[in-house]
Amino acid sequence: MTTTAMTTAAIAVNRFGLGARPDESLPADPRGWLLGQFERYQARPAPWSGQSDTAALAGAYGAQQREVRQSQADAKAAARQQLQRETRVAYRNAVDARVTSALVTPAPFVERLVHFWSNHFAVSVEKPAVAALAGAFEAEAIRPHVLGRFEDMLVAVERHPAMQIFLDQVRSIGPDSMAARVAAQRAPERQLGLNENLAREILELHTLGVRSGYQQADVTEFARALTGWSIGGLGARAEGEPGHFEFRPRLHEPGARSILGRAYPQQGEAQALAVLHDLAHSEATANHLATKLARHFVADTPPPALVTRLADAYLRNGGALSEVYRALVESPEAWVGAPAKFKTPWEWAVSSLRGLGLREPGAQHFAPMLTQLGQPVWRPGSPAGYDDIAASWAGPDALVRRVELAQRLAARVGDRLDARELGPRLLAGSMSAPTAGAIARAESAQTALALLLVSPDFQRR
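Conventions adopted
- Residues numbered from 1 in each chain as written.
- Predicted model: local features only at pLDDT ≥ 70, side-chain atom pairs only at ≥ 80, totals over all residues.
- Heavy atoms only, no water.
- Helix = DSSP H or I, 4+ residues; strand = E, 2+ residues; numbered from the N terminus.
- Rg over C-alpha atoms; globule rule 2.2 N^0.38 Å.
- Buried < 20%, exposed > 50% of the residue type's maximum accessible area, 1.4 Å probe, protein only.
- Lys, Arg positive; Asp, Glu negative; His and termini not counted.
- Charge placed at Lys NZ, Arg CZ, Asp CG, Glu CD.
- Salt bridge = Lys/Arg side-chain N within 4 Å of Asp/Glu carboxyl O.
- Polar contact = N/O pair within 3.5 Å; in protein donor to acceptor, adjacent residues only side chain to side chain.
- Contact = heavy atoms within 4.5 Å.
- 1 Å grid on protein atoms, 1.4 Å probe; cavity = no way out; pocket = protein on both sides within 12 Å on 5 of 7 lines; lining within 4 Å.
- Points joined across faces, edges and corners; volume = space filled by probe spheres on them.
- Nonpolar A, V, L, I, M, F, W, Y, C, P; charged D, E, K, R; others polar.

(A) Layout of the overall build of the protein chain. Secondary structure assignment for the protein chain yields 23 helices and four strands. Taken over the C-alpha trace, the protein chain has a radius of gyration of 24 Å; the compact-globule value for 461 residues is 23 Å, and the two agree within 12%. The principal-axis extent of the C-alpha atoms belonging to the protein chain is close to 80 × 60 × 40 Å. Burial analysis of the protein chain (461 residues in total) assigns 54% to the buried set. Between the averaged position of the 50 positive side-chain charges in the protein chain and that of its 47 negative side-chain charges there is a distance of 2 Å.

(B) A look at the side chain of Asp218. Summarising the element assignment, Asp218 is placed in helix H12 (residues 216-226). Of the buried charged residues, Asp218 lacks a salt bridge, with Arg224 as the closest side chain of opposite charge at 10.0 Å. A polar contact of 2.8 Å, which involves the side chain of Asp218, links it to the backbone nitrogen of Leu260. Apart from residues no more than four positions distant in its own chain, Asp218 is found in contact with Leu203, Ser258, Ile259 and Leu260.

(C) Spatial organisation of empty space enclosed by the protein. Inspection of the entire model under this criterion finds one cavity of 30 Å³ or more. Along the walls of the largest cavity sit Thr3, Thr4, Met6, Asn14, Pro339, Leu427, Ser430, Asp457 and Arg460, which together make up its complete lining.

(D) Representation of the layout of surface pockets within the structure. Reported here for the second largest pocket is a volume of approximately 790 Å³. If you trace the second largest pocket, you find 37 residues lining it, with Asn119, Lys292, Ala384, Tyr386 and Asp388 closest to the centre. Contributions of two or more residues to the lining of the second largest pocket are made by helix H6 (108-120), helix H11 (197-206), helix H14 (283-297) and helix H17 (345-355). The residue inventory of the lining of the second largest pocket, partitioned by class, reads 16 nonpolar, 12 polar and nine charged.

(E) Representation of the side chain of Ser118 within the structure. Among the secondary structure elements, Ser118 is positioned in helix H6. Within the structure, Ser118 has its side chain in polar contact with the side chain of Glu138 (distance 2.7 Å). Contact partners of Ser118, with chain neighbours within four places excluded, come to Arg98, Glu138, Ile142 and Trp378.

(F) Just the pattern of salt bridges, in detail. This structure, assessed with the given rule, holds 22 salt bridges. Close ionic contact of Glu151 with Arg149 constitutes a salt bridge, the shortest N to O distance being 3.6 Å. Asp152 is the salt-bridge partner of Arg149, the closest N and O atoms lying 2.9 Å from each other. Take Arg149: its relative accessible area is 35%, and that puts it in the partly exposed class. You can call Asp152 partly exposed: its relative accessible area is 33%. Residues participating in the shared-partner salt-bridge network are Arg21, Asp23 and Arg359.

(G) Inspection of the environment of Leu260 at higher detail. Looking at where Leu260 falls in the secondary structure, it is placed in the loop between strand S3 (257-259) and strand S4 (262-264). Between the alpha carbons of Leu260 and Glu24 there is a distance of 50 Å; along the sequence they are 236 residues apart.

(H) Up close: unusual backbone geometry. One non-glycine residue, Asp168, lies in positive phi territory at about 65°. Tracing the backbone shows Asp168 in the loop between helix H9 (161-166) and helix H10 (178-186). A relative accessible area of 13% places Asp168 in the buried class. Unusually for a residue other than glycine, Trp378 sits at a positive phi of about 55°. Here Trp378 shows up in the loop between helix H18 (367-373) and helix H19 (396-413). Judged by relative accessible area, Trp378 falls into the buried class, the value being 6%.

These values are about where atoms sit, not about what they do.
Given below as structure tokens:
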């Protein structure tokens, strides 16, 4: 592989941003351009404005579920298929909004951060109810908080129906709660109890990180503190407002908790909120988040000095994320010219579409394209989200898929763009001689564009 050292403009638009566009000027002041996006970012931009919110989506999904349950046997299959169709439509429309926002955003650095945090707090559309809500989850729990405090994002995420359903929190009941005691009297054979999924993933993935010192007892105690956290409108009884967080005192495990050596005497909903507050301000959380940010923006093996600097910025500013991003932009490690990061399928697809000046899906939805590339939106294989290292994405089969899509995208553009002129613009002065030579020798304009998109220069950032 031969690549050329990236210029500072190339680093700004490709490593920090989502890729250059042919109709946009390269930044004369790369660092200032990145930090200035904090003012230009829109939490609910035009592509998202037409999407239904969580309440509407949850209400519609719950009503369709009840219709399926209440249908006669001969009509049940048709009702279930209708629910699946409408869920698929909601998912594909949300993916279109996400991609379109990435293509037209005036703040591509912040938009990339939205994608980063959405993957950090991963949900999976493999659960049908999550498929209906995943877009609203990103729009309501991630986007409004991406420049705010981590604690606010953390609480919004854990309360959102998509996360509660994905990690089975809606099934968690305190063993000594009022609901469990009543159920035991009515049906002693039916066992109700804790579900530890949400508590475990908050500790392991969302805040402290693995090998950070918590024990199984901490997971169980945290799960007890979280009992009662639920949502309205879903399930057979459909209690409460659809899609709204609800605290249900009847499900909550009474009593004080001891988690990570700290006592939590608070009662009810306040107990879990107090735990989340302490987790958000933990040094282990700062190190975990700093490591992931440094890995995403700088190198698969993050420089320890950069991780320390980002963690310090996090702790010094009370978890204010914009100050962590500022420290990242101002760090020399982030501006090393070697293109150390290999683009994920999502990153490559978005940068390819942006590079060709495309702004809409055309005749097809974007979701199938990302599925073909091997990174379907909001469908990672685990709550840990998608990997952020080259080894997970640079296999031969994955590269063949990129070649096939590059050819289709180039055919869509036709002869409107000249790769010999476009390449230096998209790569901002960082195009290598081998890539330039391959483009110059291409037998057609479309082939030249496809070669540019699958070149080593374009596939790294």
